[in-house]
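# What the coordinates show
Here's the letter readout for the chains.
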Amino acid sequence: MSHKLLEVTQVVKVFGGFRALDGVTVQVDAGEILGIVGPNGSGKTTLINVISGLYRPDRGTVHYQGRDVTGWNPTRLARRGINRTFQLPKPFKSLTVEQNVDLAAHYGKKGRPGIADPLEFAGLSNIRQQSASQLTTAQQKALDLARALATAPDLLLVDELAAGLNPVELDALAQKLLFLAHQGMGLIVIEHLLGFVNQLTQRVVVMNAGREIFEGTLTQAAENPEVVAVYMGE
Ligand code: ADP
Ligand code: MG
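Structure report, in brief. (Residues numbered from 1 in each chain as written. Chains lettered and ligands numbered in written order. Predicted model: local features only at pLDDT ≥ 70, side-chain atom pairs only at ≥ 80, totals over all residues. Heavy atoms only, no water.)

## Quick look at the site of ligand 1
Using the following cut-off: Distances are taken per atom, and a residue is near a molecule or strand as soon as one of its heavy atoms is within 4 Å of it. The term polar contact refers here to a pair of N or O atoms within 3.5 Å; inside protein, the definition further demands a hydrogen-donor-capable atom paired with an acceptor-capable atom, and it admits residues adjacent in sequence only when both atoms are side-chain atoms. Under the convention used here, a 1.4 Å probe and the Shrake-Rupley method define accessible areas, while residue burial counts only the protein chains that appear.
Around ligand 1 lies a shell formed by F15, F18, A20, P39, N40, G41, S42, G43, K44, T45, T46 and Y55. Within the backbone of S42, one N or O atom sits 3.2 Å away from an oxygen atom of ligand 1. One of the side-chain N or O atoms of Y55 is found 3.0 Å from a nitrogen atom in ligand 1. For ligand 1, whose free accessible area comes to 560 Å², the fraction covered by protein is 63%.

## What about the coordination of the magnesium ion (ligand 2)?
Keep this limit in mind: Shown as donors are all N, O and S atoms within 2.8 Å of a metal ion, widened to 3.2 Å for Na, K and Ca; because water is not in the atom set, sites may appear incomplete. Numbering goes from the N terminus for both helices and strands, where a helix is a DSSP run of H or I of at least four residues and a strand is a run of E of at least two. Burial classification: accessible surface area is computed with a 1.4 Å probe over protein chains only, and a residue below 20% of its type maximum counts as buried, one above 50% as exposed, and the rest as partly exposed.
The protein atoms that coordinate the magnesium ion (ligand 2) are T45 (OG1) and Q87 (OE1), at distances of 2.0 to 2.2 Å. Here Q87 lies in the loop between β6 (82–84) and α3 (97–106) and T45 lies in helix α1 (residues 44–51), a separation of 42 residues in the sequence. Residue classification places T45 among the partly exposed positions, given a relative accessible area of 24%. Under the relative-accessibility criterion, Q87 is labelled partly exposed at 30%.

## Considerations on the pattern of salt bridges
Put simply, the rule is: What counts as a salt bridge is simple: a side-chain nitrogen of Lys or Arg found within 4 Å of a carboxyl oxygen of Asp or Glu.
Inspection of every chain in the model, using the stated rule, returns eight salt bridges. Between R211 and D22 there is a salt bridge, and its shortest N-O distance comes to 2.8 Å. Of this pair, R211 sits in strand β10 (residues 211–217) while D22 sits in strand β2 (residues 18–28), placing them 189 residues apart in sequence. The exposure class of R211 is partly exposed, given its relative accessible area of 46%. Residue classification places D22 among the buried positions, given a relative accessible area of 18%. With a shortest N-O distance of 2.6 Å, R128 and D117 are connected by a salt bridge. Pair noted here: R128 is in the loop between α4 (118–121) and α5 (137–149) and D117 is in the loop between α3 and α4, with a separation of 11 residues, a long-range link. One network of salt bridges, in which partners are shared, links R19, D22 and R211.

## Side note on the packing of aromatic side chains
Quick reminder of the rule: Under the pairing criterion, centres of Phe, Tyr and Trp rings, with the six-membered ring standing for Trp, must be within 6.5 Å; the plane angle then separates stacked pairs below 30 degrees from edge-to-face pairs above 60, leaving the rest tilted. Here, a charge over a ring is recorded when the distance from Lys NZ or Arg CZ to the ring centre is within 6 Å and its angle to the ring normal is within 35 degrees.
Under the defined criterion, the tally for this structure stands at two aromatic pairs. With a centroid separation of 5.3 Å and 75° between ring planes, the pair formed by F15 and Y55 is classed as edge-to-face. Placement of the pair is F15 in strand β1 (residues 6–15) and Y55 in the loop between α1 and β4 (59–64), with a sequence separation of 40 residues. Given a relative accessible area of 29%, Y55 falls into the partly exposed group. Positioned above the aromatic ring of W72 is the side chain of R76, whose terminal nitrogen or guanidinium carbon lies 3.6 Å from the ring centre.

The following block contains the structure:
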């Protein structure tokens, strides 16, 4: 039986009566990049927190490789092959760059080859021995990508990794994410920069107030009245 890599079905997440996610359904195949865009507070990070096991959904299900993984914790999911980057990375600052990645690898999927050298892939091989307390914001984000890749994920959830990068760095990051997808990884990429998303994928979900208001191509999204209203109303 064939199934999607990831199937999120009608997920609801409530914080003290506030519905951060109000019935969200998304699917991702192996080798595919799904872009998620939407205004601040629309629930994008909460969705990643639910898929990666940081939050347990109040309703709905998460299926991964055909298995119901709803409510599994992040460590168990990482071992299965789901990992993510954080919008605000928090490396262990008392450790070196390399030690941060080695620690993550310990929690990863055993017996499955991933990126051979995640630090090199992330462009950090020249600062392996540096303390993680000395990194710029861009380097912290690169380290967070390396940390996630060290667990050899089949599904990678990327939360605003491109924020603050210059055009050259943006292009390099886009090439890296495309490479991962070409290797067969499934990705969800949350990003505000539509040009960056457009480089990666034409398949996007637009979120607003905890709901998907649109799914289709970026080109179609730009012509959709509800999407345009949400963006113009910002
Ligand atoms: P986005 O990533 O799209 O900017 P978030 O998913 O971070 O949005 O947040 C969606 C909404 O849920 C926001 O109103 C936010 O304040 C709220 N929210 C997110 N996490 C929590 C939490 N742990 N406790 C309370 N409210 C939260
Ligand atoms: Mg967010």
